[in-house]
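Observations on the three-dimensional arrangement
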Amino acid sequence: MNREMQKDWGIYRLKDADDLDVSIHPLAYSILYTATDHLNIIIKDKSISIDPETFYFLPPRSSFSVIEKYKKAVLIWFKPEVFMDRLKFLYYITNCFFFQNPLGVAAKNSFIPYKFIIKNYARPLQTPGANPLIKRNLLANFIEFILIRAQLDFDPGFESGSKNVYDQEIANKFSKLLDEEITFNLVVSYYADKLNITKRRLDKATQIIYGCSAKSLVTGRALDKAKAMLRSTSIPVKNISLELGFSQESNFNNFFKLHIGMTPMQYRINANAIIFGENTALS
């Protein structure tokens, strides 16, 4: 495996590992799951044994090594960008106790069988050529499910920190501003000026509350707006690109493909194929 995961998300069965050093992207969260094995890892020079039927949650900057290949163990990783359209849940992820300990937090799995995880999540998410939009949403739903169920079982009386009241206020105002803007603007300083704060202060607030930069949030909202217009309207791509603040359609095409994995037109064809139940969606 010995790689830095560059995608926004992924799922990997440890029995397929070709190298046992795991380098997760610095901004990515990760979740290890082991079914029947005791999973042994080394993180920050400490040896940790994870019991069978356990989810093990690791915050960003938590690269680790596994002692050996494991037949029934799964690694899931994701960047905050996966939850840009679910900011309340992104806030929970950033602040919940599961992702606070740099050495990880274990939660017993009493709610989802291993076979169900493999059949309904691991295999579909690893299927080459499957629609990336569907795969991304499937992963997000899976992460939400296991975190909520683990929270209910663990129930440590977690409450979000009140010390970040001002940061929460800034983040809320920024999110509301993004929702209310008629003409989109991709420049972060534009929003900082409207909020009468510096770009640096805005970035600090979004990092504390959502675990990502203001630029990431702007990008996420721009992509959400673009996808909505591509799905539900026949507005030409050129017009969409202008509304999102791109002076050239080619720049918008490159931006969209970089983040979504397909061009705007390919996305529109996929979306229409899903809506109308056609089998012509592009991979």
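Residues numbered from 1 in each chain as written. Predicted model: local features only at pLDDT ≥ 70, side-chain atom pairs only at ≥ 80, totals over all residues. Heavy atoms only, no water.

A short note on the overall build of the chain
Quick note on the threshold: Labels follow the DSSP assignment, with helices taken as runs of H or I lasting at least four residues and strands as runs of E lasting at least two, numbered in each case from the N terminus. Only protein chains enter the accessibility calculation, which uses a 1.4 Å probe; a residue whose area is less than 20% of its type maximum is buried, one above 50% is exposed, and one in between is partly exposed. By definition, residues are in contact when any of their heavy atoms lie within 4.5 Å. Accessible surface is estimated by sampling points in the Shrake-Rupley manner with a 1.4 Å probe; for residues, cover comes only from the protein chains shown.
Assigned secondary structure in the chain consists of ten helices and nine strands. Expressed as a percentage of the 283 residues in the chain, the buried residues total 50%. For the chain, restricting intrachain contacts to residue pairs at least 6 apart in sequence, the fraction spanning at least 24 positions comes to 68%. Put simply, the chain shows about 14,100 Å² of open surface, and 52% of that area lies on carbon and sulfur atoms.

Some words on the pairing of strand E3 (residues 29–34)
Applied cut-off: What makes two strands pair is DSSP finding at least two bridges between them.
E3 sits mainly inside the fold: six of its six residues count as buried. Residue alternation in E3 divides its side chains into two sets, Tyr 29, Ile 31 and Tyr 33 and Ser 30, Leu 32 and Thr 34, and both sets are buried. Sheet analysis places E3 next to strand E6 (residues 54–58), joined by five bridges and oriented antiparallel. What sits directly across from Tyr 33, in E6, is Phe 55.

A look at unusual backbone geometry
Positive phi, close to 50°, is recorded for Glu 53, a residue that is not glycine. Among the secondary structure elements, Glu 53 is positioned in the loop between strand E5 (46–50) and E6. Even without a glycine there, the phi angle at Arg 61 is positive, about 65°. Assignment of secondary structure puts Arg 61 in the loop between E6 and strand E7 (64–66).

Points about the sheet that holds strand E9 (residues 105–108)
Cut-off, in case you're wondering: To define axes, lines are fitted to C-alpha atoms, for helices over the stretch in contact only, and angles between the resulting N-to-C directions are given on a 0 to 180 degree scale.
With antiparallel pairing, the five strands of this open sheet are ordered in space as E1-E8-E3-E6-E9. In this open sheet, the two strands that pair with only one neighbour each are strand E1 (9–13) and E9. Within the sheet, the average angular offset between the axes of one strand and its neighbour, ignoring direction, is 15°. Across six bridges, the pairing between E3 and strand E8 (residues 73–78) is antiparallel. Across the sheet, residue Thr 34 finds its bridge partner in E8, namely Ala 73. This element, helix H2 (residues 114–126), spans E1, E3, E6 and E8 of the sheet and lies at about 125° to E1. Helix H3 (residues 132–154) contacts E1, E3, E6, E8 and E9 of the sheet and is inclined by roughly 110° relative to E8.

Here we look at the pairing of strand E4 (residues 39–43)
Residue alternation in E4 divides its side chains into a buried set, Leu 39, Ile 41 and Ile 43, and an unburied set, Asn 40 and Ile 42. One ladder, built from five bridges, connects E4 with E5; its direction is antiparallel. In the sheet register, Leu 39 faces E5, and the bridge partner there is Ile 50. With antiparallel pairing between neighbouring strands as the criterion, E4 and E5 make up a hairpin whose turn holds two residues, including Lys 44 at a positive phi of roughly 55°. With two bridges joining them, E4 and E7 adopt antiparallel strand pairing. Bridging from a neighbouring strand, Ile 41 pairs with Val 66 of E7.

Side note on the pattern of salt bridges
Selection criterion: In the sections that follow, a salt bridge refers to a side-chain nitrogen of Lys or Arg positioned within 4 Å of a carboxyl oxygen of Asp or Glu.
Scanning the model with the defined rule gives ten salt bridges in all. For Arg 86, the salt bridge is made with Glu 144, and the minimal N-O distance between the two is 2.4 Å. Of this pair, Arg 86 sits in the loop between E8 and helix H1 (87–95) while Glu 144 is found in helix H3, placing the two residues 58 residues apart along the sequence. Here Arg 86 falls in the buried class, since its relative accessible area comes to 19%. Of the charged contacts, one joins Asp 203 and Lys 199 as a salt bridge, the two residues approaching to 3.2 Å between their closest N and O atoms. Of the two residues, Asp 203 and Lys 199 are both situated in helix H6 (residues 199–210); the distance of four residues between them amounts to about one turn of the helix. For Lys 199, a relative accessible area of 42% translates into the label partly exposed. Within the structure, one salt-bridge network assembled from shared partners comprises Asp 85, Arg 86 and Glu 144.

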